[in-house]
Number of protein chains: 2
Amino acid sequence: MTVLTENVNVEEQAKLAKKAAKTLAVLTTEEKNEALLKLADVLDEEYESILAANEEDLKNGRQQGFDAAFIDRLTLTKERVEEFAQGLRDVAKLDDPTGIVNSDWTLENGLNVQQVTVPLGVIGMIYEARPNVTVDATGLALKSGNAIVLKGGSSAITSNQAIVEVIHRGLEQTKIPKDAVQFIASTHREATQQLFTMKEHIDVLIPRGGGSLIKAVVNNATVPVLETGVGNCHLYVDAEADVQKALAILVNAKTDRPAVCNAIETVIIHQDWLAENKAELTETLKENDISVHGDSTVVELIPNSVPAEETDWADEYLSKDIAIKTVADVAEAIQHIEDYGTKHSESIVTENEKTAETFMKLVDAAALYHNASTRFTDGSALGFGSEIGISTQKLHARGPMGLPALTTVKYLMQGNGQVR
Amino acid sequence: MTVLTENVNVEEQAKLAKKAAKTLAVLTTEEKNEALLKLADVLDEEYESILAANEEDLKNGRQQGFDAAFIDRLTLTKERVEEFAQGLRDVAKLDDPTGIVNSDWTLENGLNVQQVTVPLGVIGMIYEARPNVTVDATGLALKSGNAIVLKGGSSAITSNQAIVEVIHRGLEQTKIPKDAVQFIASTHREATQQLFTMKEHIDVLIPRGGGSLIKAVVNNATVPVLETGVGNCHLYVDAEADVQKALAILVNAKTDRPAVCNAIETVIIHQDWLAENKAELTETLKENDISVHGDSTVVELIPNSVPAEETDWADEYLSKDIAIKTVADVAEAIQHIEDYGTKHSESIVTENEKTAETFMKLVDAAALYHNASTRFTDGSALGFGSEIGISTQKLHARGPMGLPALTTVKYLMQGNGQVR
């Protein structure tokens, strides 16, 4: 293990990435796939150095008193590293998103015009705890012909650096220049901030992590940002909702994995449905250890529920807590989602097709569900293969982002002297 | 004419636009087209009020000593207003970019997934002199189901306001709420700056105008920006360039319309070609009144050329001046373009296919030309219909942006109780 140093030169690393991106951009699909397979093999072979580094992070984490869930996310094992390697092999199998001719036409004057997909160039990845992002993002970047500058969270810095060292040793045996993967080995906030304005060298920033990280990047970056992930998702249970569907979806969307962005945080319930089904709802919530924060109607009808405050509507719990609001109609539900939603995933349960249609048309979000759990907003669940994040913005890419989100286009014009 | 007032409430206007966008988003294509045709008729009928307002702007402009070219761009006539109206009729004929099902598949569990195009929501348009943008941008926004907040330049404010008043009178006779078109009637810089951070109400900002306007928006906005237009475009004349093609393209790309963004500003010439063709080149430059700023080789070989300074390579002339640089090979040309280009349009003239391929592959720009003039980077020249601007960024849209650039997507999931 190299000893960590704060002597990093972020700009120099970004420049090296940009230079490497040029070489990478013109490699063939086969050359890129061979490199990914090689990286997978090297990860499998050298897992011990990664686990040793991870031990250091875990020791530091425990000393700093991180909770068990955090330590769990940070922990690597031989099996987890094997999963990283398998992830790279899976990416190698995906279609190359570059070099695709989207359109091809010839003007009357004979000028041929092609719109072709090309890599973005250099991706700046700013992320928190989980070391798997280091491998996943690198694999997706390289497959799409992009160089990547990685800035991971401090708590996983030793693990991340060990992973990148293994990747670098692997890249030395491939056509991809090792400079195409840059790791900013700094725990200083300034190192991250330098990436925000490096428009000359970095083509896009992708923040992955909590709301405050994402907000810091969006508000301060002049480099274009692909905004990902904060999901204050809602389930609306309509007056005409089927009881079994509503309860099954509520439980799944809340408890399957409460800490992920496509879990629901608020259930909006039509007052008539609640009045009729309060007993079954109460029973289901209790069985699944879901704690309720509700409006006054809810507090009155559901035992053990506590009054919801403004933050209950606005923030993600990422736990088995839920906010419940009652409404008089679908319009009120839609307005609540507009006031508090993060344009991620929103679901309606109803047997009334017209009400569902209104909801799907008027709610402004990446993914809208009728009678299904919000948990399907996920690249692998939808069959996209690996994903680089879930976009909650409207430009460039919306919803789960696979390899095509890491490309742009070029217009290529072939002429024989055409002038206008 | 209403008297202009600085009592504007930008936030209130943006809110009204957002509210109107919801009504607009669910109108049918026919309803939107009928509205555009109505607006065209009303512009034709009420052109006199627009010309009267324009007179005021022209009077102010002359008093402030604006040059003839500027006054020319600002001047409206009955014919120009008729062109605005015709532009709206042309937009009515274009395909509706919303409601298109890009993909439709069903997961194994029976969940149906559709990716459908939808309007962005509210577009913030920040632009300079030409009043035609007021009509063109409004037409494209409404056709794509978007509300628009217009912030035009001070020099055309009376004309722009008169145009919007006519548009409002027209909209009252249509299904589109008149609040869908908001005009910020302020000459204060603060009014523009308020738009920069209005993420709650505005989905995208599109700046159109000079480099400093665009830079101000890109550097200060937290609302996502569609960056348009600055074109420091290059023509590379290779050692193996055909003389007639090279000279014809040079003259066209420089002199056809020197003030537009797809005109060239620098010619990079292979030293061997220059040595061989300096007489013919000199003659062509002279015949076309092109003033040359060159490197030392150029100054030596081309009579009347003056030494180029750093700004000659970096800035747009937007006039019949040109910078000329000599290089030893295509790699040096590509490096110069990377150092000074704005990723807009770049052209190579060569009979060597391999050199052309290298250029097209390695130069990072929206449009790359082999043996043709850069002047074709234009929505109407390429057959896109009207354009909202030419994107020089890589995310969302690159090159000329037609109606599809004003849309995003939604994933619509139809289930019968699916959980994960």
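Residues numbered from 1 in each chain as written. Chains lettered and ligands numbered in written order. Predicted model: local features only at pLDDT ≥ 70, side-chain atom pairs only at ≥ 80, totals over all residues. Heavy atoms only, no water.

Chain A appears in an unreviewed UniProt entry as Gamma-glutamyl phosphate reductase from Virgibacillus kekensis. If you open the UniProt record of chain A and go to Pathway (unreviewed entry), you find "Amino-acid biosynthesis; L-proline biosynthesis; L-glutamate 5-semialdehyde from L-glutamate: step 2/2." The annotation that UniProt attaches to chain A under Function (unreviewed entry) is "Catalyzes the NADPH-dependent reduction of L-glutamate 5-phosphate into L-glutamate 5-semialdehyde and phosphate. The product spontaneously undergoes cyclization to form 1-pyrroline-5-carboxylate." (UniProt positions renumbered as here; feature names shortened; annotations may be inferred.)

This part is about the packing of aromatic side chains. Per the counting criterion, the structure on display carries eight aromatic pairs over all chains. Ring centres of Phe 384 of chain A and Tyr 411 of chain B lie 6.2 Å apart, and the angle between their planes is 50 degrees; on these two criteria the pair is classed as tilted. In this pair, Phe 384 of chain A sits in the loop between strand S13 (367–372) and strand S14 (389–391) while Tyr 411 of chain B sits in strand S16 (residues 407–418), so the two residues belong to two different chains. Note on Tyr 411 of chain B: relative accessible area 4%, which makes it buried. By the ring-pair criterion, three or more aromatic residues cluster together here, those being Trp 105 and Tyr 411 of chain A together with Phe 384 of chain B. (Phe/Tyr/Trp six-rings, centres within 6.5 Å; stacked < 30°, edge-to-face > 60°. Helix = DSSP H or I, 4+ residues; strand = E, 2+ residues; numbered from the N terminus. Buried < 20%, exposed > 50% of the residue type's maximum accessible area, 1.4 Å probe, protein only.)

This paragraph deals with the confidence of the model for chain A. The pLDDT averaged across chain A works out to 95; a share of 99% of its residues lies at or above 70. In the predicted complex, the global pTM is 0.91; the interface-specific ipTM is 0.91. (pLDDT = per-residue confidence, 0-100.)

Turning next to the relation of the copies chain B and chain A. Here chain B sits on chain A after a turn of 180 degrees about the axis and a move of 0.0 Å along it, with an RMSD of 0.0 Å. Taken together, the rotation angle and the small translation identify this as a two-fold axis. Every residue of chain B has its C-alpha some distance from the rotation axis, and the shortest such distance is that of His 396 of chain B, at 1.8 Å. Taken as a fraction of all interface residues of chain B, those also at the interface in chain A reach 100%, which identifies the copy contact as same-surface. (Least-squares fit on C-alpha atoms with pLDDT ≥ 70 in both. Contact = heavy atoms within 4.5 Å.)

The next subject is the interface of chain B and chain A. Between chain B and chain A, the contact holds 67 residues from the first and 67 residues from the second. Taking both partners together, chain B and chain A bury about 5,600 Å²; carbon and sulfur atoms supply 55% of that area. Considering only the surface of chain B that becomes buried against chain A, Leu 395, Tyr 411 and Arg 420 of chain B emerge as the three largest contributors, covering 15% of it. Taken together, chain B and chain A are joined by ten salt bridges. The partner of Glu 338 of chain A in a salt bridge is Lys 22 of chain B, with the nearest N and O atoms 2.5 Å apart. Where chain B meets chain A, there are 43 residue pairs in polar contact (both at pLDDT 80 or more). Counting residues per element, the ones that place at least two in the side of chain B that touches chain A are helix H1 (10–25), strand S2 (112–119), helix H9 (211–220), helix H10 (243–255), helix H15 (353–362), strand S13 (367–372), strand S15 (399–401) and S16 of chain B. (Buried area = accessible area lost by both parts, 1.4 Å probe. Salt bridge = Lys/Arg side-chain N within 4 Å of Asp/Glu carboxyl O. Polar contact = N/O pair within 3.5 Å; in protein donor to acceptor, adjacent residues only side chain to side chain.)

The next thing to look at is the nonpolar core. Leu 43, Met 125, Leu 142 and Leu 205 of chain A are the most contacted members of the largest nonpolar core, which has 75 residues in total. No other element matches the seven residues that helix H7 (residues 157–171) of chain A contributes to this core. Not counting residues up to four positions away in its chain, the partners in contact with Leu 205 of chain A are Gly 124, Ile 126, Leu 195, Phe 196, Val 217, Ala 221, Val 223, Pro 224, Val 225 and Leu 226 of chain A. One finds Ala 14, Ala 35, Leu 195 and Ile 214 of chain B within the second-largest nonpolar core, a separate group that totals 73 residues. (Core = buried A, V, L, I, M, F, W, Y, C linked by side-chain atoms within 4.5 Å.)

Turning next to the sheet that holds strand S12 (residues 345–349) of chain A. The pairing of strands in a sheet happens through backbone hydrogen bonds and is either parallel or antiparallel. Taken together, ten strands build an open sheet; the order of strands is S10(A)-S9(A)-S11(A)-S8(A)-S7(A)-S12(A)-S13(A)-S16(B)-S2(B)-S1(B) and the sheet is mixed. At either margin of the open sheet sits one strand with a lone partner, and together these are strand S10 (306–307) of chain A together with strand S1 (101–106) of chain B. When S2 of chain B meets S16 of chain B, the two strands line up antiparallel, connected through eight bridges. Note on S16 of chain B: the bridge partner recorded for Val 113 of chain B is Met 413 of chain B. Helix-sheet contacts for helix H10 (residues 243–255) of chain A involve strand S7 (233–237), strand S8 (264–270), strand S11 (321–327), S12 and S13 of chain A together with S16 of chain B, and the interaxial angle to S8 of chain A is about 160 degrees. (Pairing = 2+ DSSP bridges. Axes fitted to C-alpha atoms, helices over the stretch in contact; angles between N-to-C directions.)

Our next topic: empty space enclosed by the protein. Scanning the model with the defined rule gives one cavity of 30 Å³ or more in all. When its volume is computed, the largest cavity comes out at roughly 380 Å³. Residue composition of the lining of the largest cavity, by class: twelve nonpolar, six polar and four charged. (1 Å grid on protein atoms, 1.4 Å probe; cavity = no way out; pocket = protein on both sides within 12 Å on 5 of 7 lines; lining within 4 Å. Points joined across faces, edges and corners; volume = space filled by probe spheres on them. Nonpolar A, V, L, I, M, F, W, Y, C, P; charged D, E, K, R; others polar.)

The next subject is the UniProt feature "domain: Aldehyde dehydrogenase" (unreviewed entry) in chain A. Mapped onto this structure's residue numbering, the UniProt feature "domain: Aldehyde dehydrogenase" (unreviewed entry) falls at residues 8–288 of chain A. Summarising residues 8–288 of chain A: 53% helix, 16% strand, and an end-to-end C-alpha distance of 48 Å.

This structure, assessed with the given rule, holds 38 salt bridges over all chains. A salt bridge links Asp 203 of chain A to Lys 394 of chain B; the shortest N-O distance between them is 2.9 Å. A residue pair is termed interchain when its members come from two chains, as with Asp 203 of chain A in the loop between helix H8 (189–196) and strand S6 (204–208) and Lys 394 of chain B in the loop between strand S14 (389–391) and S15. On the basis of relative accessible area, Asp 203 of chain A is assigned to the buried category, the value being 17%. For the salt bridge of Lys 245 of chain A with Glu 351 of chain A, the shortest nitrogen-to-oxygen distance reads 3.0 Å. Placement of the pair is Lys 245 of chain A in helix H10 and Glu 351 of chain A in the loop between S12 and helix H15 (353–362), with a sequence separation of 106 residues.

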